[in-house]
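# A structural walkthrough
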Amino acid sequence: MVTGGHPGDPECGCAGTIARYAKSGASVTILYLNHGEGYCGTASLDRCAGIRTAEAQRACEILHARPLFADQIDGRALVDNAHYESFGRLLLAEKPDVVFTQWPIDRHRDHRALSMLSLDAWFRSKNEFALYYYEVAEDTMMFSPNEYVDISSVEAERRAACYAHASQQPGKWYPKQVEITKARGRAAGVEQAEAFLRHPDSRRVALP
Ligand SMILES: [Zn+2]
């Protein structure tokens, strides 16, 4: 399972890893915190949730993942007891073996909220699933990854999943993503890689 603050975040940080998992026969669920109602380019705001839900569904089709939505509101993420409860229930019902979530030190409030909600679900599960953090380009700060997934063979799928989010102007940010995966690839000794940080108390799983 991959959790993300908005449609596009899981794809941005993990699309290559998701594609590799799916090719290995694993079933992957992407849990989006909201429907992206806060921004969709030139279309009016009341259309954003519909547009971005469709984009997320298309990205999931490309990656052979299943989309799931926590039904919070973009830009207004809530982290309180009621939302720890509802998010935790949703996540734990999936019985994930491993969860990839956003690193908490991040420019966007929704990303920080999503990270806290995911961490809380992990505590509630008594650390049953493995917990890894991923990065989303310029939003993520102070991130020192220690594990890498070679995504060189699935770069086309990764690109297509990111470009499925057409309302987010992928042409502007995707090239920066490639610079990052190339830099992570140099660290890992491969052409392109996605980078992760395993929670130090999490069990280790074999990444694809
Ligand atoms: Zn986001």
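Let us look at the structure shown here.

Another aspect to go through is the overall build of the protein. A tally of helices and strands in the protein yields six helices and seven strands. In summary, the protein has a C-alpha radius of gyration of 16 Å against a globular reference of 17 Å for 208 residues, a match within 12%. Within the span of the protein, comprising 208 residues, buried residues form 53% of the whole. Relative to all contacts within the protein whose residues are 6 or more apart in sequence, the contacts with residues 24 or more apart total 78%. Mean positive and mean negative side-chain charge positions of the protein (24 and 27 charges, respectively) differ by 2 Å.

The next subject is the nonpolar core. Ranked by size, the top nonpolar core spans 31 residues in total, and within it Ile18, Phe100, Tyr132, Phe196 and Leu207 carry the most contacts. Counting only elements with at least two residues in this core, the list comes to helix H1 (9-23), strand E2 (28-34), helix H2 (48-63), strand E3 (65-72), strand E4 (98-102) and strand E5 (130-134). Once residues within four sequence positions are removed from consideration, Phe100 is found in contact with Met1, Val2, Thr3, Cys14, Thr17, Tyr21, Tyr132, Tyr134, Phe196 and Leu207. One finds Leu31, Val99, Trp122 and Leu197 within the second-largest nonpolar core, a separate group that totals 18 residues.

Working definition: an aromatic ring pair is given by the centre-to-centre distance plus the angle between the planes. Summed over the entire model, instances satisfying the criterion amount to nine aromatic pairs. Ring pairs connect the aromatic residues Tyr21, Phe100, Tyr132 and Phe196, which therefore count as one cluster.

Glancing now at the side chain of Ser202. Mapped onto the fold, Ser202 is located in the segment after strand E7 (193-198). Leaving out residues up to four positions away in the same chain, Ser202 has contacts with Trp122, Ala130 and Leu131.

Inspection of every chain in the model, using the stated rule, returns eleven salt bridges. Between Arg204 and Glu147 there is a salt bridge, and its shortest N-O distance comes to 3.1 Å. With Arg204 in the segment after E7 and Glu147 in strand E6 (residues 147-150), this pair connects stretches of sequence that are 57 residues apart. Using a relative accessible area of 57% as the deciding quantity, one classes Arg204 as exposed. Within the structure, one salt-bridge network assembled from shared partners comprises Glu85, Arg89 and Arg124.

Time to look at the coordination of the zinc ion. Summarising the metal site, the zinc ion is bound by the protein donors His6 (ND1), Asp9 (OD), Asp9 (OD) and His111 (NE2), whose distances to it range over 2.0 to 2.6 Å. Bound by four donor atoms, the zinc ion shows angles of 54 to 143° at the metal and therefore irregular coordination geometry. Assessed through its relative accessible area of 1%, His111 is described here as buried.

For the pair helix H5 (residues 155-163) and helix H6 (residues 170-188), the least separation of the axes is 10 Å and the interaxial angle reads 150°. As judged from the angle between their axes, H5 and H6 are roughly antiparallel. The handedness of the crossing between H5 and H6 is right-handed. For the pair H5 and H6, contact is made by Glu155, Arg158, Arg159, Cys162 and Tyr163 and by Pro170, Gly171, Trp173, Tyr174, Gln177, Val178 and Thr181, respectively. When its residues are assigned to classes, the contact of H5 with H6 shows six nonpolar, three polar and three charged.

What follows concerns H5. Every α-helical turn comprises 3.6 residues, leaving residues that sit three or four positions apart pointing alike. Glu155, Glu157, Arg158, Ala161 and Cys162 are the residues of H5 that are buried. In an axial view of H5, the angular spread of the buried residues amounts to 160°, which keeps them on one side of the axis. Of the surrounding elements, those touching the buried residues of H5 are H1, H2, H6 and E7.

So, about the pairing of E4. With five of five residues buried, E4 lies mostly within the body of the structure. With five bridges joining them, E4 and E5 adopt parallel strand pairing. Residue pairing for E5: Gln102 is matched across the bridge by Tyr134. As a crossover connection, the stretch from E4 through helix H4 (residues 109-124) into E5 is right-handed.

For the rest of this paragraph, the subject is the state of the cysteines. Taken as a whole, this structure holds one disulfide when the rule is applied. Residue pairing for Cys40: its cysteine sulfur links by disulfide to Cys48, the two sulfurs lying 2.0 Å apart. Measuring the twist about the S-S bond at about -75°, one finds the Cys40-Cys48 disulfide to be left-handed. For Cys40, a relative accessible area of 5% puts it in the buried group. Cysteine Cys12 shares no disulfide, and the gap to the nearest cysteine sulfur, in Cys162, comes to 6.0 Å.

Scoring rules and cut-offs
- Residues numbered from 1 in each chain as written.
- Predicted model: local features only at pLDDT ≥ 70, side-chain atom pairs only at ≥ 80, totals over all residues.
- Heavy atoms only, no water.
- Helix = DSSP H or I, 4+ residues; strand = E, 2+ residues; numbered from the N terminus.
- Rg over C-alpha atoms; globule rule 2.2 N^0.38 Å.
- Buried < 20%, exposed > 50% of the residue type's maximum accessible area, 1.4 Å probe, protein only.
- Contact = heavy atoms within 4.5 Å.
- Lys, Arg positive; Asp, Glu negative; His and termini not counted.
- Charge placed at Lys NZ, Arg CZ, Asp CG, Glu CD.
- Core = buried A, V, L, I, M, F, W, Y, C linked by side-chain atoms within 4.5 Å.
- Phe/Tyr/Trp six-rings, centres within 6.5 Å; stacked < 30°, edge-to-face > 60°.
- Salt bridge = Lys/Arg side-chain N within 4 Å of Asp/Glu carboxyl O.
- Donors = N, O, S within 2.8 Å, 3.2 Å for Na, K, Ca; no water.
- Tetrahedral: all angles 85-135°; square planar, octahedral: opposite > 155°, others 65-115°.
- Axes fitted to C-alpha atoms, helices over the stretch in contact; angles between N-to-C directions.
- Parallel < 35°, antiparallel > 145°, perpendicular 65-115°, else oblique.
- Left-handed = near helix turned anticlockwise from the far one by under 90°.
- Nonpolar A, V, L, I, M, F, W, Y, C, P; charged D, E, K, R; others polar.
- Arc of directions from axis to C-beta.
- Pairing = 2+ DSSP bridges.
- Right-handed = clockwise from strand over helix to strand, strands pointing away.
- Disulfide = S-S within 2.5 Å.

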